[in-house]
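Understanding the architecture of this molecule
Listed here are the chains, written in short residue letters.
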Amino acid sequence: MQPALDMHQKSSIAAMKSTDTRPDPTKITINCSGQKGICKQEGINIKEAEANFKSMKLPIMQIWYENLLLSELVYGLKKNKFTATESNDISSFLERALIRLERWFHWFNTTQSGKEMSSYFWHGRDSTTIRELNPKTLSSGLDDYPRSSHPTEEERHLDLRCWMLLAADSLHSIADLFAKESKRKKEYGSTAKLLSDFEILNQMHFDPAYGAYFDYGNHTEKVRLSWKETKVGNNHPTRELVREVLEKPELRFVPHIGYVSLFPFMEKIIPPESWILEKQLDLISNKSILWTDYGLRSLAKTSSMYMKRNTEHDPPYWRGPIWMNMNYRILSALHHYTQVNGPYRDRAKAIYDELRSNLIRNVVSNYHQTGFLWEQYDQKKGKGKGARVFTGWTSLVLLMMAEGYSES
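Residues numbered from 1 in each chain as written. Predicted model: local features only at pLDDT ≥ 70, side-chain atom pairs only at ≥ 80, totals over all residues. Heavy atoms only, no water.

1. Points about the overall build of the chain
Assigned secondary structure in the chain consists of 13 helices and ten strands. For the chain, the residues scored as buried account for 52% of the 408 residues in total. Accessible area for the chain stands at about 19100 Å²; split by element, carbon and sulfur atoms hold 50% of it. (Helix = DSSP H or I, 4+ residues; strand = E, 2+ residues; numbered from the N terminus. Buried < 20%, exposed > 50% of the residue type's maximum accessible area, 1.4 Å probe, protein only. Areas by Shrake-Rupley, 256 points an atom, 1.4 Å probe, with all protein chains shown as cover.)

Structure representation (C-alpha cells):
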C-alpha cells in the first residue's frame, strides 16, 4: 500500500503534467499574472486594480493555497519522492513559473506592506462605510471576518503576515532547488527568517492577557447596526440599517478569536516547548470558544461579532460557520505537533484524533443525506450550507482520511 503522504503528493502533481489537457488552476493563476505580478480575474482592468485594490476580484484563497502546493512539490523533489518523469515535469513547471511567482510576490510585498517593519495589512477596506457593521476585507478571502472597526494604515493583519512567510519560504526553496544564486533568493531567505521570528511575531500580534494572537488596528467594540428612518422620492418614508459608533476607537489588538488567531499555529511557527502552544490548544479545544462536534467554528462564540449580520442583506459568512480548508490546516498543524518532542505532544494527539473524527463523520454524514459536499457547515447542527457540489476545498476530507499533510 502506498504511504498516505505519497498519495497526497502524487495527487498534487496531476495538474502539473504537460500532457494533461484539463484546465489547471495553478497555471491559469500564474499565467494571468501581469508584468507587475497582479492576478486579475473577470476582466478587471489592471490600471483600475492598481488604483483601487478593493475593486479587484482576486482568487485569493486559490493563490495562497497554491503556495502550499508549491512548497509540497519542492519538498517532494528534494526528498526524491517522485518518479523520474514526475520530477522532470515538476522541475520544468517550477522553473518556468518562477519569474511570474517572483513578480506576484514583489507586488504583494510592496503594495500590502504596513507601517511597521515585517507588518502587512489587506489594503482597500472601506473607511467611509455607514452600512457595514465591520468593513469587509474581501481581498483576504475571509470577507466578513472581523477586523479593526476603523480601517487605517496602522493596521497589522496576522493572516497576511503568515501568508507572506509561506510565500517567501516557497520562493526561496524553489530558487534554492535550481541553485539560482541571486539577490532575490537572499531576499526571500531573509524575509522568511524575519517573518518566522517568534519574538517579533509575539511583539506585534500576541496578547498575553488573552493568550491569543490578534490583528492590530484602530478599534472599538462599541459599534452596532441601528434602524434609521429616511425619506425617498416624494417624501416616502423608509428604514435602513446604518452603522452607529458609540465610542472613539483607539489603536489596540482586535479581540476576536477565530481562524485568523490560529495562523501562527497553522504555520507551525510556535516552538513545541512554548507555553503559547498550550494556550493555542486551550482555544482550539474549548467548547465555549471554537470547538464543536462538527469541526472548529470560524469565530469564537465569545466574540461580539459572532453570527452577526454585517449589513441588512449580508448574513454572517466567516463569523461562525465551519470551513474545511482552515480545519484541514489546523489538523495539519496538530499532526505536526504530535510528531515533535515537547510537553504538549500527547494533548495535541488527543485533540487531533477527535477533531479529525468529527470533521470526517460530519462531511460523510451530510454527503449520505444530501449527495453533496458543501461550501461550509453549520456550527450548531453540522448541516451543509452555502454552495453545494463544492468539490473545492471540502474535498480535503479525503486527505484528512488519508492523513496526508505537508511535511515541508
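2. Examining the packing of aromatic side chains
Within this structure, the stated rule accounts for 20 aromatic pairs. With centroids separated by 5.0 Å and ring planes inclined at 85°, the aromatic side chains of tyrosine 317 and tryptophan 323 adopt a geometry described as edge-to-face. By relative accessible area, which is 27% here, tyrosine 317 ends up partly exposed. Using a relative accessible area of 0% as the deciding quantity, one classes tryptophan 323 as buried. Between tryptophan 318 and tryptophan 323, the ring centres sit 3.8 Å apart and the planes meet at 5°, which makes this aromatic pair stacked. You can call tryptophan 318 buried: its relative accessible area is 1%. The structure contains a cluster of three or more aromatic residues connected by ring pairs, namely Tyr259, Tyr317, Trp318, Trp323, Phe390 and Trp393. (Phe/Tyr/Trp six-rings, centres within 6.5 Å; stacked < 30°, edge-to-face > 60°.)

3. Topic: the side chain of threonine 129
Mapping threonine 129 onto the fold places it in the loop between helix H5 (84–111) and helix H6 (158–177). Within the local environment of threonine 129, its side chain forms a polar contact with the backbone nitrogen of glutamate 132, the two atoms lying 3.2 Å apart. Setting aside chain neighbours within four positions, we find threonine 129 in contact with Pro135 and Arg243. (Polar contact = N/O pair within 3.5 Å; in protein donor to acceptor, adjacent residues only side chain to side chain. Contact = heavy atoms within 4.5 Å.)

4. Thoughts on unusual backbone geometry
At aspartate 143, a residue that is not glycine, the phi angle is positive and equals roughly 45°. Phi is positive for valine 389, which is not a glycine, with a value near 55°. For valine 389, the position within the fold is in the loop between strand S10 (384–388) and helix H13 (397–402). The exposure class of valine 389 is exposed, given its relative accessible area of 56%.

5. Quick notes on H6
The terminal C-alpha atoms of H6, which comprises 20 residues, lie 29 Å apart, in line with the 28 Å expected from a rise of 1.5 Å per residue. The buried fraction of H6 is high, at 16 of 20 residues. (Expected span 1.5 Å × (residues − 1).)

6. Points about the confidence of the model for the chain
For the chain, per-residue confidence averages 86 on the pLDDT scale, and residues scoring 70 or more make up 83% of the total. Considering only residues more than four positions removed or in separate chains, one finds that residues 1–23, a stretch of pLDDT under 50, has 46 contacts. Confidence over residues 40–59 falls short of pLDDT 50; this stretch has 26 contacts with residues more than four positions distant or in other chains. (pLDDT = per-residue confidence, 0-100.)

7. Brief notes about the nonpolar core
As a rule of thumb, soluble globular proteins bury nonpolar side chains together. In terms of nonpolar packing, the biggest core is built from 92 residues, with Phe265, Ile330 and Leu334 touching the most fellow members. Per element, the largest residue contribution to this core is eleven residues, and it comes from H6. Among residues more than four places away in sequence, those in contact with isoleucine 330 are Tyr259, Leu262, Phe265, Met266, Ile284, Leu296 and Leu355. (Core = buried A, V, L, I, M, F, W, Y, C linked by side-chain atoms within 4.5 Å.)

8. Thoughts on helix H11 (residues 324–339)
Over its 16 residues, H11 extends 22 Å from the first C-alpha to the last, a length consistent with the 22 Å expected when each residue adds 1.5 Å. Burial runs high along H11: 13 of the 16 residues are buried.

9. With respect to the environment of arginine 347
On the secondary structure map, arginine 347 appears in helix H12 (residues 345–370). Between the C-alpha atoms of arginine 347 and leucine 281, which are 66 residues apart in sequence, the distance is 8.0 Å. Not counting the four nearest positions on each side in its chain, arginine 347 is found in contact with Glu278, Leu281, Asp282 and Ser285. Looking at arginine 347, its side chain comes within polar contact range of the side chain of aspartate 282, at 2.6 Å.

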